[in-house]
Amino acid sequence: MSLWEYANPKKFMQTSQAVLPAIWGLTALSMVVGLVWGFFLTPEAENFGSTVKIIYLHVPAAMMAINAWVMMLVASLIWLVRRHHVSALAARAAAPVGLTMTVIALVTGAIWGEPMWGTYWAWDPRLTSFLILFLFYLGYIALWEAIENPDAAADLTSVLCIVGSVFALLSRYAVNFWNQGLHQGATLSMDKQENIANVFWFPLLVCMGAFILLFVALVLERTRTEIRARRIKALIARERMA
Amino acid sequence: MIALLIRDLALAIRAGGGFGLGLAFFLIVVVLVPFGVGPESAILSRIAPGILWVGALLACLLSLDRIFALDFEDGSLDLLATAPIPLEGVVAMKAAAHWVTTGLPLTLAAPGLGLLLSLDPAAYGWLVLSLALGTPALSMIGTFGAALTVGLKRGGLLLSLLVLPLYVPTLIFGAEAVVRGAAGQANATPLLMLAGITLATLALLPFAAAAAIRINLR
Amino acid sequence: MDLTVQDLACARGGLPVLEGVGFTLHPGRALMLRGPNGIGKTTLLRTLAGLQPALSGTISAPPEAMAYAAHADGLKATLSVEENLRFWARIFGQTGIGQALDEFNLADLAHRPAQNLSAGQKRRLGLARLLVTGRPIWVLDEPTVSLDAASVALFGQAVARHLRAGGAALIATHIHLGFEAAELDLTPFRARPRAMDRFDEAFA
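About the criteria used
- Position labels on residues start from 1 in each chain and follow its written sequence.
- Here chains are named by letter from A upward and ligands by number from 1 upward, in the order in which they appear as written.
- With the structure being a predicted model, the display of local features is reserved for residues of pLDDT at least 70 and the display and counting of side-chain atom pairs for 80 or more, all residues being used for whole-chain, interface and lining totals.
- Here the side-chain values reflect all heavy atoms present in the structure, with hydrogen atoms and water set aside.
- Only runs of H or I of at least four residues qualify as helices and only runs of E of at least two qualify as strands under DSSP, and these elements are numbered from the N terminus.
- Radius of gyration: over C-alpha atoms. The globule rule applied is 2.2 Å multiplied by the number of residues raised to the 0.38 power.
- It only takes one pair of heavy atoms within 4.5 Å for two residues to be counted as in contact.
- Using the Shrake-Rupley algorithm and a 1.4 Å probe, accessible areas are obtained, with residue cover drawn only from the displayed protein chains.
- Two residue types count as positive, namely Lys and Arg, and two as negative, namely Asp and Glu; His and chain ends fall outside the count.
- Charge coordinates come from a single atom per side chain, which is NZ of Lys, CZ of Arg, CG of Asp or CD of Glu.
- Partly exposed describes any residue whose relative accessible area lies between the buried limit of under 20% and the exposed limit of over 50%, with all areas from a 1.4 Å probe on protein chains only and scaled to the type maximum.
- Buried area adds together the accessible area that both of two parts lose upon being put together, with accessible area traced by a 1.4 Å probe.
- Salt bridges are defined by distance alone: a side-chain nitrogen of Lys or Arg within 4 Å of a carboxyl oxygen of Asp or Glu.
- Two N or O atoms form a polar contact when they lie within 3.5 Å of each other; inside protein one atom must be a possible hydrogen donor and the other a possible acceptor, and for residues adjacent in sequence the pair counts only when both atoms belong to side chains.

Participant: Whenever I open this one, the overall build of chain B confuses me. Can you help?
Facilitator: Each helix and strand in chain B was counted, giving nine helices and zero strands. In terms of overall dimensions, chain B is globule-like: its C-alpha atoms have a radius of gyration of 18 Å, near the 17 Å expected for 218 residues. Along the first, second and third principal axes, the C-alpha atoms of chain B reach 55 × 35 × 30 Å. Of the contacts formed within chain B by residues at least 6 apart in sequence, a portion of 81% connects residues at least 24 apart. Split by element, the accessible area of chain B, about 8,300 Å² in all, is 73% carbon and sulfur. Placing the 10 positive and 10 negative side-chain charges of chain B at their respective mean positions leaves the two points 5 Å apart.

Below, the structure is given as structure tokens:
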């Protein structure tokens, strides 16, 4: 059986209904375990103090802010190439989630930045990049809202998502060039995990897993809502024609 | 396709507003800044490259929604889409006409406005060069945004929201080229990036914009 | 060139409005599209002109054979009659506009800006544009909107002349234009309410 069968709305509704409770359960479990472990069961870091614990929200949210856009890009490409409606609706459903993740990353970053750098905001490349990403999300969502014909909206937002992705990458490079910043490097990527002690690293991994699950659950839930909304539209139109 | 460029330029000259409005807006932005930040020439000189670039960018933005809206309303866009010339060519010509009526005059006027902001004498050449390299990209990116929003009611605000984030790299490299050039630092990288962005947008965005217009007309 | 349309279905705003449309249009003939408002005349004409894709069915002539005109004439108010016409001639790769000016009695107005034309004169200019496209099949959407009786007569004569020259015309209108033409009522082709797309089956 092909993966594309899940792009059929009926198959998608059935499958997502079956797996969603499990995903929500796992999300809740890993979120509680990760956050409790991170907040209460790790020692205070030497030069960070207890403020370091915001990392358990900040890093996973930042990661998902970027991954949500990547997921929207993939879904947009699938829509443009294969015309699967579910794919377009999933991209639409992911955007507000990604926007929220970006806001969480920015806000927790600001809260953390105040004790660490003595300022809530600095025009640091990473912070600036996330601010630009925030604007991209806003534009994408606004375009979806502005266009009435759902297929045209899906087409146009897909084109915007692809062009926007290229410009987002370019902005990242430009911003780096413009200002080398305060932000510590990517201490948390997989290949650099020696930069962070295991005692902090393991709960962080759990939190990242929890955020991925949360994202998947929210997107599935929202996509189901979008499909229902389309169904209602179809029914109303049919009523009018009859 | 040249006929389209000539017609758009003729329209811009006759209807007024094409050349004049963007320039006047640019002038006003530059005049307002000293009222906001104070008249000290040291401060003005320091922020002048950025102000001139942001002003040029905003002036460019001002006329974007007219690129396709007028042709959409009077039916010309339908007719152009059914004409034998490719829609990609139509888009490229529209961007070219927009550049000639806004980007080019802004580039030429920028040194004069630089005087008002006590721009560093070493920066004038770099300012003109960076604007000449970067404003075509502003026009092309804006044309893409206009193509996305053609036919939408109240599309103007949405257009700004879509286009401004896309302007970020051009603005950064453009202003940086002037700042570094004025300070005597090497500025080949930002200038090359600026030229690269312009060439890449000119090569690729007509296709995206034409696709968006086809979707919007259907 | 014959225009044969078979089993054509087209959609407006993502919803099917017409299905099973079929007709043949021979050179020298005109076909009047009839039907109540909202039946999908404009949608059908835009589909034929290649401005939107058909849901299904075949159209024998390519969009390049058709000259499309809606009630907006694509005229620029500040350009003169001659400039407007010359622009469209160049876009469509034609050279001479003298014949078009003569046939539509516009030669005297050639240097007047389009904004100073009356509604009837504008419509004549819009029709002259069809002539400089050099395309055989005219696809006209409500061409007589805002025209008085005299202008309608002029318009009718212009179309008749095009037909005598071997062209064809597909016209959505409610008015009799003063020449022999077949009629096609679109009412029977109204798309039946049914499962619209695959969103119905999501709950089957």
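That shown, we press on.
Participant: Looking at this model, I keep getting lost on the environment of C:Ala30. Mind explaining?
Facilitator: Residues and elements named next belong to chain C. In this structure, Ala30 sits in strand β3 (residues 30-34). Separated by 19 residues in sequence, Ala30 and Ala11 have C-alpha atoms that sit 24 Å apart. Contact partners of Ala30, with chain neighbours within four places excluded, come to Leu25, Leu163, Ala169, Phe179, Ala181 and Ala182.

Participant: So what exactly am I meant to see when it comes to the environment of B:Leu61 here?
Facilitator: Residues and elements named next belong to chain B. Tracing the backbone through its elements, the reader meets Leu61 in helix α3 (residues 41-62). Since its relative accessible area comes to 13%, Leu61 is described here as buried. Along the sequence, Leu61 and Asp8 sit 53 residues apart, while their C-alpha atoms lie 18 Å from each other. With near-sequence residues (within four places) excluded, Leu61 lies in contact with Ser160, Val163, Leu164 and Tyr167.

Participant: Before we go on, may I ask you to explain the interface of chain C and chain B in this structure?
Facilitator: One widely used convention gives an interface's size as the accessible area the parts lose upon coming together. Each partner contributes to the interface: chain C provides 22 residues, whereas chain B provides 23 residues. When chain C packs against chain B, close to 2,000 Å² is buried across both sides, 65% of that on carbon and sulfur atoms. Area buried by chain C at its contact with chain B is led by C:Lys76, C:Phe87 and C:Ile91, which between them contribute 28% of it. Linking chain C with chain B are three salt bridges, by the criterion used here. The salt bridge involving B:Asp71 is made with C:Lys76; its shortest N-O contact spans 2.5 Å. Remark: the boundary between chain C and chain B carries seven residue pairs in polar contact (both at pLDDT 80 or more). Ranked by the residues each element gives to the side of chain C that touches chain B, the list is headed by helix α2 (residues 81-91) of chain C, at five residues.

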